[in-house]
Amino acid sequence: MDQIVNVNEFQELAKRALPKMYYDFYSGGAEDQHTLKENVEAFRRIMFRPRVLVDVSKIDMSTRILGYPISAPIMIAPTANHMLAHPEGETATAKAAAACNTIMIVSYMASCTIEEVASSCNAVRFLQIYVYKRRDVTAQMVKRAEKAGFKAIVLTVDVPKLGRREADIKNKMISPQLKNFEGLFETEVRPSEGSGVEAFASRAFDASLNWKDIEWLRSITKLPILVKGILTREDALKAVEAGVEGLVVSNHGARQLDYTPATITVLEEVNLSKLA
Ligand SMILES: Cc1cc2nc3c(=O)[nH]c(=O)nc-3n(C[C@H](O)[C@H](O)[C@H](O)COP(=O)(O)O)c2cc1C
Ligand SMILES: CCCCC(=O)C(=O)O
C-alpha cells in the first residue's frame, strides 16, 4: 500500500488480493460493458484549459451537501458488500469518510449493520435504499437509519431489474446473508445456475416502483430524500416535481443498463440550475 502513487494501482492490487468471483463482482459492468469503458473514456476526453499566474497558495475546495460541510466535492457512493473485500467492511469505509471530512452513503446491501456503521465513527451518513416487494422490510430499514442518526435517504431508482452482469452469471456469484436483514429476509440465494445476486434481486426488488412511490417514502420518513440514477433532463424535471431534496446523476457504474451514456456526459443536460 505504501508504494501506491496513483489511484488506478488499487485495481491491480485488488485483482491479486481477492477471489476471482468477488473481484469480478466489484469491477464488472453489465452485458457488453460498453458503458463501463465509456465511463472512463469520456473522462479522458475532457482536457484542462489551464490559466496561469493566479495565486493558488490557499485552496479551498470545500462545499456543502444538504447543508453538511465536506472538504471537497467528493463523497462515498453506496456500494454493496464491503466485507467481501475486508473483515471490517463498511465500518472501515465510514472511518475513512470521517478522516476525509466527507459523507458516506451506506448501501442498503452493506455487510455491516446500520447500527455498527453508526457507532464506528462520527462520519455524516446517508442511507441508500432499494424498495423490496416486502415494503415493511424497507420501512424498517428507514426507521433504523433515522434512529441511528443517518441524515438522508438515497432512493436508487435504476434497478427495476438487476443488470445482466455476465461475469456474475458465469461465476455463479453468491452474496452471503446480509446482517441487516437477519431474521427478516433471506438475502443469500444459491440458484443451481447463474448469478445468486440476480436471483435474489428478482425475488426481492419491487419492479413496480414508480414516481408515486416518492409519496410513500415521504409518508414513512422525515429525512430528506435524494433520487439516485437519473440520466435525463425529463427525469430530473420529474424528480423536481416530486419534491425531492436532491438528485444523484449516475448510470450505476455501468452495472445496470448497458449502452447508456457515460455519466459525466449527461451532467450538462441534467444541470438543475438550467432547468426551467
Ligand atoms: C461493487 C459495486 C457495488 C455497488 N452497489 C451499489 C448499491 O448497493 N447501491 C447503489 O445504489 N449503487 C451501487 N453501486 C453503484 C455506485 O453507487 C455508483 O453509482 C457507481 O460506482 C458509479 O459511480 P457514479 O454513480 O458516481 O458515476 C455499486 C457499484 C459497485 C462498483
Ligand atoms: C442486489 C443489488 C446489488 C447491489 C448493487 O446495486 C450493485 O451491485 O450494483
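The structure presented is a predicted model; accordingly, all values stated were derived computationally and were not measured. (Residues numbered from 1 in each chain as written. Chains lettered and ligands numbered in written order. Predicted model: local features only at pLDDT ≥ 70, side-chain atom pairs only at ≥ 80, totals over all residues. Heavy atoms only, no water.)

Some words on the side chain of E90
Then, in step 1: Relative to the helices and strands, E90 resides in helix α4 (residues 89–99).
Then, in step 2: Separated by 2.9 Å, the side chain of E90 and the backbone nitrogen of C112 make a polar contact.
Then, in step 3: When near neighbours in sequence (up to four residues on either side) are disregarded, E90 contacts T79, A80, N81, H82, M104, A110, S111, C112 and V117. (Helix = DSSP H or I, 4+ residues; strand = E, 2+ residues; numbered from the N terminus. Polar contact = N/O pair within 3.5 Å; in protein donor to acceptor, adjacent residues only side chain to side chain. Contact = heavy atoms within 4.5 Å.)

Focus: the pairing of strand β4 (residues 125–129)
Then, in step 1: Summarising burial for β4: five of the five residues are buried, a large majority.
Then, in step 2: What you see with β4 is no split at all: R125, L127 and I129 on one side and F126 and Q128 on the other are buried throughout.
Then, in step 3: As defined by bridge partners, strand β3 (residues 104–106) adjoins β4 across three bridges and the pair is classed as parallel. Counted as the bridge partner of V106 is L127 from β4.
Then, in step 4: Chirality of the crossover, the property in question, places the unit of β3, helix α5 (residues 114–120) and β4 among those that are right-handed.
Then, in step 5: Taken together, β4, helix α6 (residues 135–147) and strand β5 (residues 153–156) constitute a β-α-β crossover, and its handedness is right-handed. (Buried < 20%, exposed > 50% of the residue type's maximum accessible area, 1.4 Å probe, protein only. Pairing = 2+ DSSP bridges. Right-handed = clockwise from strand over helix to strand, strands pointing away.)

Some words on the site of ligand 1
Then, in step 1: Not every one of the 15 residues close to ligand 1 is listed here, only the nearest: P78, S107, Q128, T156 and S250.
Then, in step 2: Contact distances for ligand 1 include 3.1 Å between a nitrogen atom and a backbone N or O atom of A80.
Then, in step 3: With respect to ligand 1, the side chain of T156 contributes an N or O atom lying 2.7 Å from an oxygen atom.
Then, in step 4: Relative to its unbound accessible area of 610 Å², ligand 1 is 79% covered by the protein chains.
Then, in step 5: Here the residues of the shell around ligand 1 are counted per class, giving five nonpolar, eight polar and two charged. (Near = heavy atom within 4 Å. Areas by Shrake-Rupley, 256 points an atom, 1.4 Å probe, with all protein chains shown as cover. Nonpolar A, V, L, I, M, F, W, Y, C, P; charged D, E, K, R; others polar.)

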